[in-house]
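Observations on the model geometry
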Amino acid sequence: ERTDGTYSENARGDAIMLLSVNINDEIPKVSLVSLERGMGVPILKGPYAGQWDWLTHTFRYGGAELLLTEVSECLKVDVAFYVRVNFNIFIQAIDTLGGVTVNFDAAEAEVFRNSGMTNAVVGDNHLNGEQALQYARLRYIDSDWVRIQRQREIVLSVLESCRGRSFEELDSLVNS
């Protein structure tokens, strides 16, 4: 990730999620599914075609186009639109919302206390954008599966933070 807000040519898919919105029901249904970035897939196009690698690496080999091809062909999921968010935009969005609240377990609280967040406690903690990114990427204390749960917790906290906001506020956030 570059600090100037541009996208790296060497990027990988750090978090890969599918959002489905069914607007045909009386009450629209929203579903969110996380894809494990370490899932093995056959590389379908490009210079690495025919080899197997992690889903996260397909982004590096062919950008969003190849990643979407992999999801479509290997998982049989049709993706109509995608959103690419770099770390800087993630931080800005969380800060624009005034932060997010997540629930730390003992190991997570210790990691944050050791990194300078002296008020980190087991239970609810309010995080700014940089802290939320650190939380979303944290995996060395447990596993990538738990990391996915952390990412989903942040997404749910963001959605909760959006409740009650005006259309103009939400439009501004999405545009940023």
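Residues numbered from 1 in each chain as written. Predicted model: local features only at pLDDT ≥ 70, side-chain atom pairs only at ≥ 80, totals over all residues. Heavy atoms only, no water.

1. Points about the nonpolar core
- Ranked by size, the top nonpolar core spans 18 residues in total, and within it Phe104, Leu127 and Ile154 carry the most contacts.
- Listed by contribution, the elements that provide at least two residues to this core are helix H2 (87-96), strand E5 (100-104), helix H3 (106-114) and helix H4 (129-137).
- For this core, the leading source of residues is H4, giving four residues.
- Core analysis: the next-biggest nonpolar cluster, separate from the first, contains 10 residues, Ile16, Leu35, Leu67 and Val71 among them. (Core = buried A, V, L, I, M, F, W, Y, C linked by side-chain atoms within 4.5 Å. Buried < 20%, exposed > 50% of the residue type's maximum accessible area, 1.4 Å probe, protein only. Helix = DSSP H or I, 4+ residues; strand = E, 2+ residues; numbered from the N terminus.)

2. Overview of the pairing of E5
- Residues Val100, Val102 and Phe104 point to one face of E5 and are all buried, whereas Thr101 and Asn103, pointing to the other face, are not buried.
- Both E5 and strand E6 (residues 123-127) contribute to a ladder of five bridges, which runs antiparallel. By the bridge assignment, Val100 is partnered in E6 with Leu127. (Pairing = 2+ DSSP bridges.)

3. Focus on the side chain of Asp14
- In this structure, Asp14 sits in the segment before strand E1 (16-22).
- A polar contact of 3.1 Å, which involves the side chain of Asp14, links it to the side chain of Arg137. (Polar contact = N/O pair within 3.5 Å; in protein donor to acceptor, adjacent residues only side chain to side chain.)

4. Quick look at a nonpolar patch on the surface
- A cluster of nonpolar side chains, contributed by Leu19, Val21, Ile23 and Val30, occupies part of the molecular surface with about 420 Å² of accessible area.
- Among the structural elements, Leu19 can be located in strand E1.
- Given a relative accessible area of 57%, Leu19 falls into the exposed group. (Patch = residues over 30% accessible without salt bridge, like charges linked within 9 Å, V, L, I, M, F, W, Y side chains within 5 Å. Areas by Shrake-Rupley, 256 points an atom, 1.4 Å probe, with all protein chains shown as cover. Salt bridge = Lys/Arg side-chain N within 4 Å of Asp/Glu carboxyl O.)

5. Looking at the confidence of the model for the chain
- Put simply, the chain has an average pLDDT of 88, and 94% of its residues get 70 or more.
- Predicted confidence in the chain is weakest over helix H6 (residues 167-175), with a mean pLDDT of 81, and strongest over E6, with 97. (pLDDT = per-residue confidence, 0-100.)

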